[in-house]
Amino acid sequence: MKFALFSLMMNIPNAVSGEILTTHQKFENVLKQAVFAEELGFDAYGVGERHGAPFISSSPPVVLTAIAARTSRIRLLTTVTVLSVLDPVRVAEDYATLDHLSGGRIELIIGKGNDPRHYPLFGITEEEQWESLAERYALLKRLWKEENVTWQGRYRSPLDNVTTQPRPFQPSIPVWHGSASSTLSTELAAKYGEPIFSSNTFHPQAKYKALIDHYRERLAFYGHDPQHAIVGSGFGSLYLANTTEEAIRRFRPYYDAFHATAASQINNSPFKDLEDNVKNGPVLIGSPDQVIEKILNYHEAYGHQVVSISVDGLSEAEQREQMERFATEVAPILRREIPSTVWNHSPVGLTV
């Protein structure tokens, strides 16, 4: 199994100390977190995209470029690129540039996003999100693959004989499809025979399993071998302690603070409290043994090869503590128990 650390760059007052970082301090915190993730042996670091408080992650390619300059091997992911509202020409140019600056370490996770505030900002309605995503992705693929592209569609002005610059550094920039709520996302991934990354953050296992099962079924429909399906899975918040009781006690203030935000309430989590989420949901709160057991249980349902975790909201000292405990007490066992074909080779341009 492979491991990624994700951040949405949420900047709210610390639930224990009350301290709030300045915007500059939060950016520095994310850069240091990514460097430490590479030092600990994480396989990837991901930056989300949101367009409103309390998140400051409105420009992932800029943040990932800064991370690329401070790291050398860790893969860089977008979690997710909200392609439903973005200009594919701009996306093609930005991420091809980052592809070169990172030495071929960039991979996109695309999606429509789960914060409806971005639709009026970029001039589409929420009802158009899926049609918009499909059209924009088809164009993005052409812009990276072809030169002299002529195109006409609904969600941007026509193109006539356009070749975006720079061309990507990798032969093909890898793309995952973010999956959280609809079979339309898994349908799009299956159509192209590309991997999915399940959000697996706010709801019971059965909801996400149904989407993953649909993805495998539709892969076969489109002529792709579902045995070769590649699935990643998020797990939301991480908090390890020597006992589950201690982990719940220490994490509770952070859980309560986040669930009081408007951003959290958009997702309509069905769990009545933290204990319910620990028992029946995807949060990784507990002893190392319990967290390992939960991830193995989800792997049996999903068959995923990549796990992402988040330490957003914690103090910087606790972020480092949690990352280090996960890297030393959880990850080695799961790497041994669950094989993964993902990222088994160095990125283009890198040697080991």
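Residues numbered from 1 in each chain as written. Predicted model: local features only at pLDDT ≥ 70, side-chain atom pairs only at ≥ 80, totals over all residues. Heavy atoms only, no water.

Caption draft 1: Here's a closer look at the overall build of the protein chain. Each helix and strand in the protein chain was counted, giving 12 helices and 11 strands. Expressed along its principal axes, the backbone C-alpha trace of the protein chain runs to roughly 60 × 45 × 45 Å. Out of the 352 residues belonging to the protein chain, those deemed buried represent 55%. Considering only contacts within the protein chain whose residues lie at least 6 apart along the sequence, 73% involve residues at least 24 apart. (Helix = DSSP H or I, 4+ residues; strand = E, 2+ residues; numbered from the N terminus. Buried < 20%, exposed > 50% of the residue type's maximum accessible area, 1.4 Å probe, protein only. Contact = heavy atoms within 4.5 Å.)

Caption draft 2: Representation of the packing of helix H11 (residues 288-302) against helix H12 (residues 316-337) within the structure. The geometry of H11 relative to H12 is characterised by a closest axis approach of 10 Å and an angle of 40° between their N-to-C directions. The chirality of how H11 crosses H12 is right-handed. Of the residues in H12, those touching H11 at Pro-288, Val-291, Ile-292, Ile-295 and Leu-296 are Arg-325, Phe-326, Glu-329, Val-330, Ile-333, Leu-334 and Glu-337. By residue class, the composition of the contact of H11 with H12 is 9 nonpolar, no polar and 3 charged. (Axes fitted to C-alpha atoms, helices over the stretch in contact; angles between N-to-C directions. Left-handed = near helix turned anticlockwise from the far one by under 90°. Nonpolar A, V, L, I, M, F, W, Y, C, P; charged D, E, K, R; others polar.)

Caption draft 3: Layout of the side chain of His-177. Within the secondary structure, His-177 is located in strand S7 (residues 175-179). With a relative accessible area of 2%, His-177 lands in the buried category. Within the local environment of His-177, its side chain forms a polar contact with the side chain of Glu-194, the two groups lying 2.7 Å apart. If sequence neighbours within four positions are ignored, His-177 has contacts with Ile-109, Ile-110, Tyr-137, Ser-185, Leu-188, Ala-189, Glu-194, Pro-195, Ile-196 and Phe-197. (Polar contact = N/O pair within 3.5 Å; in protein donor to acceptor, adjacent residues only side chain to side chain.)

Caption draft 4: Fine view of the pairing of strand S11 (residues 306-310). By the criterion of burial, S11 is predominantly enclosed, with 5 of the 5 residues buried. The two faces of S11 match: Val-306, Ser-308 and Ser-310 on one face and Val-307 and Ile-309 on the other face are all buried. Alignment of strand S9 (residues 231-240) against S11, held across 4 bridges, turns out to be parallel. By the bridge assignment, Gly-234 is partnered in S11 with Ser-308. (Pairing = 2+ DSSP bridges.)

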